[in-house]
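Descriptive structure summary
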Amino acid sequence: MPLPDPVTAVPYDTFERQLRELPAFRALLRAVEARFYADLPLPRPLLDLGCGDGHFAAVAFAQPLDVGVDPWWGPLQAARDQGAHQQLACAEGARLPFPSDHFATVISNSVLEHIPQVAPVLAEVARVLQPGGYFHFCVPGPNFRRFLSVARALERLRLPGLAEHYRRLFDRISRHHYYDDIPGWQARLAQVGLQHERSWQYFSPGALAALEWGHPLGLPTIIAKTITGRWLLAPTHWNLWLTARLLRRYYEEPLPEAGAYIFFVARKPVT
């Protein structure tokens, strides 16, 4: 029986579209991450673990993904409207309703850092992956906290206690539970029988500062989303040209030697 055609990432720059549909700081990060999938193997069937409202899958991939799963019913309703998944399931990552050795690829884009107990989720990923299957995921690394511009400014003022208080505040705002480095995630993967193949860091200090300051500057978008269901009231060129001009350099920057985020490619060994 012939294998189904693999998923392909969109072949074009998604930055402008993301900027029209998301708060600017989130659009920048998601546009950077969407580029990475163009160079990754994405054989089917493919599971999108933590698919949320389906926006990322709709923008980043040229075809609908096979299955999206998320524990929250509200975002799944939005994902259904996006049409970026052939099937959707409401389930916890630690209890995936799929048979063992089922998926050729699992992706999880900026999800694992939000899960307090991540080990059972990784074990489930290993279970549902076919031997030889790929697991692509990205998470913030330890440089995320180090790069926060307000905290660094407080440290220069010799106020380390306030700097740490700010970092903890940003942890809560971002809902981050983990900032493991590459060896730390290698160890987590090895514990469930997955092999780390490669990884790279991305998002420079300047890019993270744009994300950091985008949180307070983006408060009006939360109001717009609550009232109208859209993040931007006027997603037009004239309204976004300055934002696009200021942020595009971070979208186009080469991979830094040290970045705030880490992208991983792991694989289930063929036994």
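Scope of this entry: the structure provided in the associated data block. (Residues numbered from 1 in each chain as written. Predicted model: local features only at pLDDT ≥ 70, side-chain atom pairs only at ≥ 80, totals over all residues. Heavy atoms only, no water.)

Structural notes on the pairing of strand β5 (residues 129–140)
With ten of its twelve residues buried, β5 lies for the most part within the structure. Handedness of the crossover joining strand β4 (residues 103–109) and β5 through helix α5 (residues 119–128): right-handed. (Buried < 20%, exposed > 50% of the residue type's maximum accessible area, 1.4 Å probe, protein only. Helix = DSSP H or I, 4+ residues; strand = E, 2+ residues; numbered from the N terminus. Right-handed = clockwise from strand over helix to strand, strands pointing away.)

Let's talk about the pattern of salt bridges
Tallied over the full model, the rule gives 14 salt bridges. As a salt-bridge pair, Arg188 and Asp180 come within 2.6 Å of each other at their nearest N and O atoms. Taking relative accessible area as the criterion, Asp180 reaches 18% and is therefore assigned buried. Three or more residues joined by partner-sharing salt bridges are found here, namely Asp13, Glu16, Arg248 and Glu252. (Salt bridge = Lys/Arg side-chain N within 4 Å of Asp/Glu carboxyl O.)

What to know about α5
Looking only at α5, the buried set comprises Val121, Leu122, Glu124, Val125, Ala126 and Val128. Elements that come into contact with the buried residues of α5 comprise β1 (46–49), β4, β5 and α9 (182–191). (Contact = heavy atoms within 4.5 Å.)

Overview of the sheet that holds strand β2 (residues 65–70)
A sheet is described by the order of its strands in space; here seven strands give the open sequence β3-β2-β1-β4-β5-β7-β6, paired in mixed fashion. This sheet does not close on itself; its edge strands, each paired only once, are β3 (85–90) and β6 (195–202). With direction set aside, neighbouring strand axes in the sheet form an average angle of 15 degrees. Bridging between β5 and strand β7 (residues 261–267) involves seven bridges; their strand directions are antiparallel. Within β7, the residue paired with Cys138 across the bridge is Phe263. Of the strands in this sheet, β4, β5, β6 and β7 touch helix α2 (residues 24–36), which is tilted by about 140 degrees from β6. The sheet contacts of helix α4 (residues 73–82) involve β2 and β3, and relative to β3 the element is tilted by about 170 degrees. (Pairing = 2+ DSSP bridges. Axes fitted to C-alpha atoms, helices over the stretch in contact; angles between N-to-C directions.)

Some words on the nonpolar core
If you look at the biggest cluster of nonpolar residues, it comprises 50 residues, and the most contacted ones within it are Tyr37, Phe61, Tyr202, Phe203, Leu208 and Tyr261. Looking at this core element by element, the count peaks at eight residues for α2. Grouped together as the second largest cluster of nonpolar side chains are 28 residues, Phe98, Phe103, Val128 and Phe135 included. (Core = buried A, V, L, I, M, F, W, Y, C linked by side-chain atoms within 4.5 Å.)

Considerations on the packing of aromatic side chains
Here a ring pair, both rings aromatic, is described through the centre-centre distance and the interplanar angle of the planes. Inspection of every chain in the model, using the stated rule, returns 21 aromatic pairs. With 6.3 Å between their ring centres and 85 degrees between their planes, Phe56 and Phe61 make a pair best called edge-to-face. When the ring of Phe144 is compared with that of Phe170, the centres are 6.1 Å apart and the planes differ by 45 degrees; the resulting orientation is tilted. Of the two residues, Phe144 sits in helix α6 (residues 143–147) while Phe170 sits in helix α8 (residues 160–174), which places them 26 residues apart along the sequence. An identical accessibility class is assigned to Phe144 and Phe170; each is buried. Here Arg188 stacks its cationic end above the ring of Trp185, 5.2 Å away from the centre of that ring. (Phe/Tyr/Trp six-rings, centres within 6.5 Å; stacked < 30°, edge-to-face > 60°. Lys NZ or Arg CZ within 6 Å of the ring centre and 35° of its normal.)

So, α9
Every buried residue of α9 is listed here: Trp185, Arg188 and Leu189. Each buried residue of α9 lies within a common arc of 95 degrees when the element is viewed along its axis, so the set occupies one face. Seen from the open side of α9, the exposed residues pointing more than 90 degrees away from its buried face are Ala190 and Gln191. Check the buried side of α9 and you find it contacts α5, β5, β6 and β7. At the N-terminal end of α9, a side-chain oxygen is found 2.8 Å from the backbone nitrogen of Gly184, two or three residues along, and the residue is Asp181. Looking at the residues trailing α9, positive phi occurs at Gly193, about 85 degrees. (Arc of directions from axis to C-beta. Polar contact = N/O pair within 3.5 Å; in protein donor to acceptor, adjacent residues only side chain to side chain.)

Brief notes about a nonpolar patch on the surface
A cluster of nonpolar side chains, contributed by Leu157, Leu159 and Leu162, occupies part of the molecular surface with about 280 Å² of accessible area. A residue is classified by how much of its surface remains accessible, and Leu157, at 59% relative accessible area, is exposed. (Patch = residues over 30% accessible without salt bridge, like charges linked within 9 Å, V, L, I, M, F, W, Y side chains within 5 Å. Areas by Shrake-Rupley, 256 points an atom, 1.4 Å probe, with all protein chains shown as cover.)

Any link to function would need more than the numbers given here.
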